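Each chain, letter by letter, is given below.
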Amino acid sequence: MASRLVFFVFMLTAAVVPTSGARGKEFIVGDEAGWTLGFDYQAWAYGKKFHVGDKLVFRYYVGAHNVFKVNGTGFQNCIKPKAGEALSTGTDTIVLATPGRKWYVCGVGKHCENGMKLVIDVLPLKAQAPKPSPPAPLTYGKKFIVGDEAGWRLGFDYQAWAKGKHFQVGDKLVFKYYPGAHNVFKVNGTGFQNCIRPPATEALKTGNDTIVLATPGRKWYICGVGQHCEKGMKLFLIVLPRAAKSPPAPYSTPYTMATEYFVGDDEGWKVGVNYSEWANGKVFRVGDKLVFKYGSPHNVYKVDGNGFKECKPSGDVYNNGNDTFILSEQGKKWYICGVNDHCEKGQKLVINVESDGSEPVPAPVPAPTPPKPAPVPASTPPPTQTPPSNDSYRIISSCYQIFVAAVVAMAVAAF
């Protein structure tokens, strides 16, 4: 009889004491990329919800990296704790035991200074999770191959490439090039304007560098090899916040096909061609291309009005025999050959670049909404029933516990 009483009490207790089958979620830091250089961990953490009991797993090659848990100051200034505090197994699991802000850095070399660090906010664990709302639609950022088929190289107008594109938080830039020939630096406005290179350790140089646009605002990128930046190998763009739902566009822009002009047509770029006659009657617009085709011994200089008039080469020389110039802005453009007296013999070209004609077209004005009819008086609606609050739930739960305790007491008294 006593064993039956124990079983009876156990079953009642199990009914009263709630159990939680919820397990902490496991986050692989960086997902497939793991814990490595050249990855934006704040972009990875963006939108994720970390709760007490969840786990962070840092995966990396042993010896290449490690993990330190630091405070806000250590995170901001990349201050590494004592070496004995480092996690270095290559599969380090950290249980998020308390709510609040948590900071992690890699303590190897200058890895932290190069962006290998993570900050997250841990939320308290709820005693009873509410009924989950329908999941929000998953939005993936768009991937932009910088320069499209041309990739990241000299002789390409990257501002013309970026024109008209909409970059948003979460999108990705991919710089494709031959490793060793170029690299990528992320700089500020002054570094972009004056081609100031950061320390060499900050260069991206894999030949397939992916940059996640994690924050809104202006972004600047340059190539730090030789004089590549000074020759135009740089990119500036503006990143917009990602809206939950894109608003309708205020206007539409007609699509205009760019025209590719081969200077001199079949004659190409050489002495003895009247390029003023060639350009006469042609309409050059923003976005169009000029292609100079020639053999040795010629070249192309882009000059100003005085350099054109006096045949004085200045600036960068283009001499690969298939030089392409994208007309990225309106106004007059001047080109000359800088070899010997070729310019004096007429090997020069001046054109006038006009707008591409993509003026904003105002969106149609919606028709006025007809006035709504006056409301018909109605009887007073019945009072809205309010669902029981958490306090009501706790009162009911307490009464239930008292009832169970009374039943147990009576059962014990019976024995």
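All values reported here derive from a predicted model rather than from experimental measurement.

How each quantity is defined
- Residues numbered from 1 in each chain as written.
- Predicted model: local features only at pLDDT ≥ 70, side-chain atom pairs only at ≥ 80, totals over all residues.
- Heavy atoms only, no water.
- Helix = DSSP H or I, 4+ residues; strand = E, 2+ residues; numbered from the N terminus.
- Buried < 20%, exposed > 50% of the residue type's maximum accessible area, 1.4 Å probe, protein only.
- Contact = heavy atoms within 4.5 Å.
- Areas by Shrake-Rupley, 256 points an atom, 1.4 Å probe, with all protein chains shown as cover.
- Pairing = 2+ DSSP bridges.
- Disulfide = S-S within 2.5 Å.
- Phe/Tyr/Trp six-rings, centres within 6.5 Å; stacked < 30°, edge-to-face > 60°.
- Lys NZ or Arg CZ within 6 Å of the ring centre and 35° of its normal.
- Axes fitted to C-alpha atoms, helices over the stretch in contact; angles between N-to-C directions.
- Salt bridge = Lys/Arg side-chain N within 4 Å of Asp/Glu carboxyl O.
- pLDDT = per-residue confidence, 0-100.

Quick word on the overall build of the protein
Helix and strand counts for the protein stand at eight helices and 24 strands. Looking at the protein as a whole, 31% of its 415 residues are labelled buried. The contacts in the protein between residues at least 6 apart in sequence include a share of 73% that link residues at least 24 apart. Roughly 26800 Å² of accessible area belongs to the protein as shown, and the carbon and sulfur atoms make up 57% of that amount.

A look at the sheet that holds strand S14 (residues 234–240)
Read across the sheet, four strands follow the order S9-S14-S13-S11 without closing on themselves; strand pairing throughout is mixed. Looking at strand neighbours, the two that pair on one side only are strand S9 (167–168) and strand S11 (185–187), the edges of this open sheet. Looking at chain direction, strand S13 (residues 217–222) and S14 are connected through six bridges and run antiparallel. Pairing of Trp220 across the sheet is with Phe236, part of S14.

Considering the state of the cysteines
Across all of its chains, the model carries three disulfides by this definition. What pairs with Cys78 in a disulfide is Cys112, and their sulfur atoms sit 2.1 Å apart. Measuring the twist about the S-S bond at about -80°, one finds the Cys78-Cys112 disulfide to be left-handed. On the criterion of sequence distance, the pair formed by Cys78 in the loop between helix H3 (72–77) and strand S5 (91–95) and Cys112 in the loop between strand S6 (100–105) and strand S7 (117–123) is long-range, its members being 34 residues apart. Across this residue pair, the class does not change: Cys78 and Cys112 are buried. Between the sulfur of Cys195 and that of Cys229 lies a disulfide, 2.1 Å long from S to S. Because the sign of the S-S torsion sets the handedness, a value of about -80° for the bond joining Cys195 and Cys229 places this disulfide among the left-handed ones. Here Cys195 is found in the loop between helix H5 (189–194) and strand S12 (208–212), whereas its partner Cys229 is found in the loop between S13 and S14, with 34 residues between them in sequence. Each member of the pair, Cys195 together with Cys229, is buried. In the protein, the bonded cysteines, numbered by position in the sequence, are linked as 1-2, 3-4, 5-6.

Description of the packing of aromatic side chains
The geometry of an aromatic ring pair is captured by two quantities: the separation of the ring centres and the angle between the planes. Under the criterion given, the structure shown has 23 aromatic pairs. Taking the centre distance of 4.6 Å and the plane angle of 55° together, the rings of Phe144 and Phe167 count as tilted. Within this pair, whereas Phe144 is found in strand S8 (residues 143–145), its partner Phe167 is found in strand S9, the two being separated by 23 residues in sequence. Put simply, the rings of Trp269, Tyr275, Phe292, Tyr318, Phe325 and Tyr335 pair up and form one aromatic cluster. Over the ring of Phe75 we find Lys117, and its NZ or CZ is 4.8 Å from the ring centre. Above the face of the Phe308 ring, Lys348 is positioned so that its terminal group lies 4.7 Å from the ring centre.

What about the sheet that holds strand S1 (residues 26–28)?
Across the sheet, three strands lie side by side as S1-S3-S5; this open sheet has mixed pairing. The open sheet terminates on both sides in strands that have one partner only, identified here as S1 and S5. With direction set aside, neighbouring strand axes in the sheet form an average angle of 20°. Pairing geometry for strand S3 (residues 55–59) and S5, over five bridges, is antiparallel. In the sheet register, Phe58 faces S5, and the bridge partner there is Asp92.

Digging into the pairing of strand S10 (residues 172–176)
By the bridge criterion, three bridges tie S8 to S10 in an arrangement that is parallel. Bridged to Lys143 within S10 is Lys172. Relative to S12, S10 runs antiparallel, the two being bridged by five bridges. Of the residues in S12, the one forming a bridge with Phe175 is Asp209.

Considering the pattern of salt bridges
Summed over all chains, the structure comprises eight salt bridges. Here Lys312 ties to Glu310 by a salt bridge, and the two come within 3.3 Å at their closest N and O atoms. Residue Glu329 is joined to Lys333 by a salt bridge in which the shortest nitrogen-to-oxygen separation is 3.3 Å. Judged by relative accessible area, Lys333 falls into the buried class, the value being 9%.

Overview of the confidence of the model for the protein
Summary statistics for the protein give a mean pLDDT of 80 and a share of 73% for residues scoring 70 or more. The low-confidence segment residues 245–256, where pLDDT is below 50, has 14 contacts with residues more than four positions distant or belonging to other chains.

Brief notes about the environment of Phe185
One can find Phe185 in strand S11. For Phe185 and Glu202, which are 17 residues apart along the polypeptide, the C-alpha to C-alpha distance reads 6.8 Å. Non-local contacts of Phe185, meaning those with residues more than four positions away in its chain, are made with Arg197, Pro198, Pro199, Ala200, Glu202, Ala203, Trp220, Tyr221, Ile222 and Gly224.

Notes on the pairing of strand S23 (residues 348–354)
Side chains Leu349, Ile351 and Val353 of S23 all project onto a buried face; the interleaved residues Lys348, Val350, Asn352 and Glu354 project onto a face where none is buried. Inspection of the sheet shows strand S17 (residues 284–285) paired to S23 by two bridges, in the parallel sense. The residue bridging Phe284 from the neighbouring strand is Val353, located in S23. Relative to S23, strand S22 (residues 331–336) runs antiparallel, the two sharing six bridges. Bridge pairing in S23 links Lys332 to Asn352.

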